[in-house]
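Fold and geometry: a report
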Amino acid sequence: RNQDIDLHKRIIRKGYKLVTSPDMIAHYFSRSNIKAFLRQAFSNGLWIVKSRQFHLRHILPLIFIVSLLLVVIMNVNLALFGLLIYAIIVEISFILKKTYDIVKLQFLMLLTFGLHISYGLGSVMGFLDRLRIKVWCDCPHPLLCNKYV
């Protein structure tokens, strides 16, 4: 997990620079369904914290989840207001990218929210694991496991 971050850090540590080109082509293999997409987000969040190889932007979903939980504990109305602000920011970002179809816009907003929640929850689990607090079993499918330790 996180081999790309590790490779980038080692390259920079050796004194080299990473550059990009507008002519570059990247092939990305997306997940086939929403459940697999969210499971991948959870796994990415989990391993980014467990590996200790991350940049600030990688732990923002963790901060988002912790902040959301704290705000819900303090005031549910404030939490709903925060989610409204989040939704407005996400929608503005999609509008700026010229994603004008209202149905696509709402679907993308839900997927973005799901991505941040799943990634953030994975990060929380990774953080708890680093503290040696086990909250799930070590089976191959921790999201499906109901054997909490």
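The preceding data block contains the structure.
Residues numbered from 1 in each chain as written. Predicted model: local features only at pLDDT ≥ 70, side-chain atom pairs only at ≥ 80, totals over all residues. Heavy atoms only, no water.

1. Observations concerning the side chain of S118
Tracing the backbone through its elements, the reader meets S118 in helix α5 (residues 102-130). Ignoring any residue separated from it by four or fewer positions in sequence, one finds S118 in contact with L38, A41 and F42. (Helix = DSSP H or I, 4+ residues; strand = E, 2+ residues; numbered from the N terminus. Contact = heavy atoms within 4.5 Å.)

2. Examining the environment of N33
For N33, the position within the fold is in the loop between α1 (3-13) and α2 (34-50). Exposure remark for N33: the relative accessible area of 40% places this residue in the partly exposed category. There is a polar contact of 3.2 Å between the side chain of N33 and the backbone nitrogen of K35. A polar contact is formed between the side chain of N33 and the backbone nitrogen of A36, at a distance of 2.7 Å. (Buried < 20%, exposed > 50% of the residue type's maximum accessible area, 1.4 Å probe, protein only. Polar contact = N/O pair within 3.5 Å; in protein donor to acceptor, adjacent residues only side chain to side chain.)

3. Some points on the environment of W47
Among the secondary structure elements, W47 is positioned in helix α2. Looking at W47, the relative accessible area reads 31%, which means it is partly exposed. Between the C-alpha atom of W47 and that of Y119, which follows or precedes it by 72 residues, the distance is 9.9 Å.

4. Things to note about α5
Residues spaced three or four apart along an α-helix face the same direction, because each turn holds 3.6 residues. For α5, which comprises 29 residues, the first-to-last C-alpha distance of 42 Å matches the rise-based estimate of 42 Å (1.5 Å per residue) to within 8%. Backbone geometry just after α5 places R132 at a positive phi near 70 degrees. (Expected span 1.5 Å × (residues − 1).)

5. Overview of the packing of α2 against α5
At a minimum axis distance of 6 Å, the contact between α2 and α5 shows a crossing angle of 35 degrees. Handedness of the crossing formed by α2 with α5: right-handed. Grouping the constituent residues of the contact of α2 with α5 by class yields 15 nonpolar, 7 polar and 3 charged. (Axes fitted to C-alpha atoms, helices over the stretch in contact; angles between N-to-C directions. Left-handed = near helix turned anticlockwise from the far one by under 90°. Nonpolar A, V, L, I, M, F, W, Y, C, P; charged D, E, K, R; others polar.)

6. Structural notes on the nonpolar core
Formed by Y86, A87, V90, F94, L105 and M109, the largest nonpolar core amounts to 6 residues. Top element by residues in this core is helix α4 (residues 76-96). It accounts for 4 residues. I5, I48, V49 and Y119 belong to the second-largest nonpolar core, a separate cluster that totals 5 residues. (Core = buried A, V, L, I, M, F, W, Y, C linked by side-chain atoms within 4.5 Å.)

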